[in-house]
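Given next are the chains, with one letter for each unit.
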Amino acid sequence: MVTAIPDHPLKILHLEDSLADHGLAKAALRRSGMAFTLQHVDTLEAFQTLTTSEPFDIILADYRLAGFTALDAWRHVAQLPQHPPFVLLSGAIGETAAVDAMRLGIADYLSKDDMVRLPHVMARAIEVHEARTMREHAMAELAASQRRLAELTEHLQTSIEQERAAIAREIHDDIGGALTAVRFDIAWIGRHTHDPAMQEHATAAAEMLQHAIGASQRIMMNLRPPILDQGLVAAVQWLASSFERRTGVPTVLRMSSAVVNIPAEVQLVAYRTAQEALTNVAKYAAPQRVHIDLADSEGVLTLEVADDGCGIEPAMRDKPKAFGLKGLLERARTVNGWLDISSQPGKGTSVILSVPIASRDNASDEGEPQ
């Protein structure tokens, strides 16, 4: 008995111009005990009509027929969506011709002299075809899932940036304004009191308020720096100088030009990449020096943040909760870019963002608001 055959009667199309050979094929299938229906055609026109209008589980075809070959029939079948497996059932066509046919996508070849093996060859062809179809379906599902994930990531990143901008505005307009007003009032109290204890408390309160105002400004700058409105070059310069001032690590910035004309969304991805890379350097690298390179040449924006610190262990990069690096990868994908992270323990780390960009004539102005 043949296994790997569907539990319903197998619907077979036989392309054959010899009635005797068609009868031999039918007899071989009957002896196997399988349930089937066998439809016979002997012209290319009839074959094309049937395969276009009816579904078949498998196609058997002689190689040489009157006025055409099985390859002409296969070319028609290969264009059909979800086409069935196609098996050559022919006389001696030569090993080279059989191999060439299978390279084109034909499932298998069986000599008419070995007709007893026909049920087995058909079962194998159907099994391989079903496995290939399932794999293609799974790959299509995976690709669709990856597209949905990328769309969700882009939506989340956009929502996060919008929320950051809104919070930054609230900090600037409400909290910052209120703290500044209170600081002026306390300064007024300090100037108009003659009680030394009151003046001391007023001075201390003014200093605390100044500290709070500075903290709110730092938070606002991290959420959505207004300097981004001046363009990516100015924003990266500010990041580099802030990093050097905060950590004491010499930071060298090299740029290909003073102005980089790129779309606003690419500008934001590049800024966040530099920001996250420098944050990681400050937390983990313990470097002696940091280099930042920013260039837009040959239609590609390139941003590199490199340090000479302790490097990243491979296991650390593969940690499930290494969201910082994974987030940078996803950010790059949202603008059709890619991220390369190279590191060796004790030899530093390099983070390189590359994003295809339009020509300067077609790019949006760098200072475009977010």
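Quick caveat: nothing in here was measured; it's all calculated off a predicted structure.

Criteria and cut-off values
Residues numbered from 1 in each chain as written. Predicted model: local features only at pLDDT ≥ 70, side-chain atom pairs only at ≥ 80, totals over all residues. Heavy atoms only, no water. Helix = DSSP H or I, 4+ residues; strand = E, 2+ residues; numbered from the N terminus. Expected span 1.5 Å × (residues − 1). Buried < 20%, exposed > 50% of the residue type's maximum accessible area, 1.4 Å probe, protein only. Contact = heavy atoms within 4.5 Å. Polar contact = N/O pair within 3.5 Å; in protein donor to acceptor, adjacent residues only side chain to side chain. Pairing = 2+ DSSP bridges. Axes fitted to C-alpha atoms, helices over the stretch in contact; angles between N-to-C directions. Parallel < 35°, antiparallel > 145°, perpendicular 65-115°, else oblique. Left-handed = near helix turned anticlockwise from the far one by under 90°. Nonpolar A, V, L, I, M, F, W, Y, C, P; charged D, E, K, R; others polar. Salt bridge = Lys/Arg side-chain N within 4 Å of Asp/Glu carboxyl O. Patch = residues over 30% accessible without salt bridge, like charges linked within 9 Å, V, L, I, M, F, W, Y side chains within 5 Å. Areas by Shrake-Rupley, 256 points an atom, 1.4 Å probe, with all protein chains shown as cover. Right-handed = clockwise from strand over helix to strand, strands pointing away. Lys, Arg positive; Asp, Glu negative; His and termini not counted. Charge placed at Lys NZ, Arg CZ, Asp CG, Glu CD.

A.B. asks: Explain helix α6 (residues 196-223) to me, and be specific about the residues and the numbers.
C.D. replies: Look at α6: 40 Å from first C-alpha to last across 28 residues, which is about the 40 Å you get at 1.5 Å a residue. Listed as buried for α6 are Ala202, Ala206, Leu209, Ile213, Gly214, Ser216, Met220, Met221 and Leu223. Among the structural elements, α5 (118-192), α7 (232-247) and α8 (264-285) are those in contact with the buried residues of α6. Two to three positions downstream of the cap, the backbone nitrogen of Ala197 sits 3.1 Å from a side-chain oxygen, assigning the N-cap of α6 to Asp195.

A.B. asks: Can you lay out the sheet that holds strand β9 (residues 290-297) for me, pointing to particular residues and giving the numbers?
C.D. replies: Neighbouring strands of a sheet are bound in pairs by backbone hydrogen bonds; such pairs are parallel or else antiparallel. Here five strands make up an open sheet; going across it, the order is β8-β9-β10-β12-β11 and the pairing mixed. Looking along the sheet, the strands with just one partner apiece sit at the ends: β8 (251-255) and β11 (338-343). When the angles between neighbouring strand axes are averaged without regard to direction, this sheet yields 10°. In the packing of α8 onto the sheet, the strands contacted are β9, β10 (300-307), β11 and β12 (349-356), and the crossing angle to β10 comes to about 10°.

A.B. asks: Break down the packing of α5 against α6 for me, citing the residues and quoting the values.
C.D. replies: The interhelical angle for the contact between α5 and α6, taken along N-to-C directions, is 165°, at an axis separation of 9 Å. The angle between α5 and α6 places the two elements in the roughly antiparallel class. Considering how the two elements wind past one another, α5 and α6 form a crossing that is left-handed. Classifying every residue of the contact of α5 with α6 gives 17 nonpolar, six polar and three charged.

A.B. asks: Can you break down the pairing of strand β6 (residues 86-90) residue by residue, with the values?
C.D. replies: For β6, the tally of buried residues reaches five of five residues, placing the bulk of the element in the interior. In β6, alternate side chains face the same way, and those of Phe86, Leu88 and Ser90 on one face and Val87 and Leu89 on the other are all buried. Where β6 meets strand β7 (residues 108-111), four bridges bridge the pair, whose relative direction is parallel. Within β7, the position partnered with Leu88 by the bridge is Tyr109.

A.B. asks: Tell me what's going on with the pattern of salt bridges, and back it up with residues and numbers.
C.D. replies: Oppositely charged side chains can pair when the atoms bearing their charge come close. As enumerated under the stated definition, the model contains 10 salt bridges in all. Lys11 is the salt-bridge partner of Glu54, the closest N and O atoms lying 3.1 Å from each other. A residue pair is termed long-range when its members are at least 10 positions apart, and Glu54 in the loop between α2 (44-53) and β3 (58-61) and Lys11 in strand β1 (residues 10-15) qualify at 43 residues. In this structure Glu54 comes out as partly exposed when scored by relative accessible area, which is 27%. By relative accessible area, which is 25% here, Lys11 ends up partly exposed. Here Asp108 and Arg124 are joined by a salt bridge, their closest N and O atoms 2.3 Å apart. Placement of the pair is Asp108 in strand β7 and Arg124 in helix α5, with a sequence separation of 16 residues. Judged by its relative accessible area of 10%, Asp108 falls in the buried class.

A.B. asks: Describe a nonpolar patch on the surface, with residues and values.
C.D. replies: Taken together, the side chains of Leu149, Leu152, Leu156 and Ile160 make up a nonpolar region of the molecular surface, amounting to roughly 350 Å² of accessible area. Residue placement: Leu149 occurs in helix α5.

A.B. asks: Run through the pairing of strand β2 (residues 36-41), naming residues and quoting values.
C.D. replies: Bridge count for β1 against β2 is six bridges, and the pairing is parallel. Considered in β2, the bridge of Leu15 is made with Val41. Handedness of the crossover is the feature at issue here: the chain leaves β1, passes through helix α1 (residues 19-32), returns alongside β2, and the resulting connection is right-handed.

A.B. asks: Any details on a negative patch on the surface? Residues and values, ideally.
C.D. replies: A surface patch of negative charge is lined by Glu163, Glu170, Asp173 and Asp174. If you trace the backbone, Asp174 turns up in helix α5.

A.B. asks: Tell me about the sheet that holds β1, and name the residues and values.
C.D. replies: Strand order across the open sheet formed by five strands is β2-β1-β3-β6-β7, with parallel pairing between neighbours. Two strands bound the open sheet, and with one partner strand each, they are β2 and β7. Strand-to-strand twist across the sheet, computed as the mean angle between neighbouring axes with direction ignored, equals 25°.

A.B. asks: Break down unusual backbone geometry for me, with residues and values.
C.D. replies: Most of the time, phi is negative for any residue but glycine, and the peptide bond is trans. For Gln82, which is not a glycine, the phi torsion comes out positive at approximately 55°. Mapped onto the elements, Gln82 comes out in the loop between α3 (70-78) and β6. According to the relative accessible area criterion, Gln82 is exposed, its value standing at 81%. One non-glycine residue, Glu298, adopts positive backbone phi at about 55°. Inspection of the secondary structure assignment puts Glu298 in the loop between β9 and β10.

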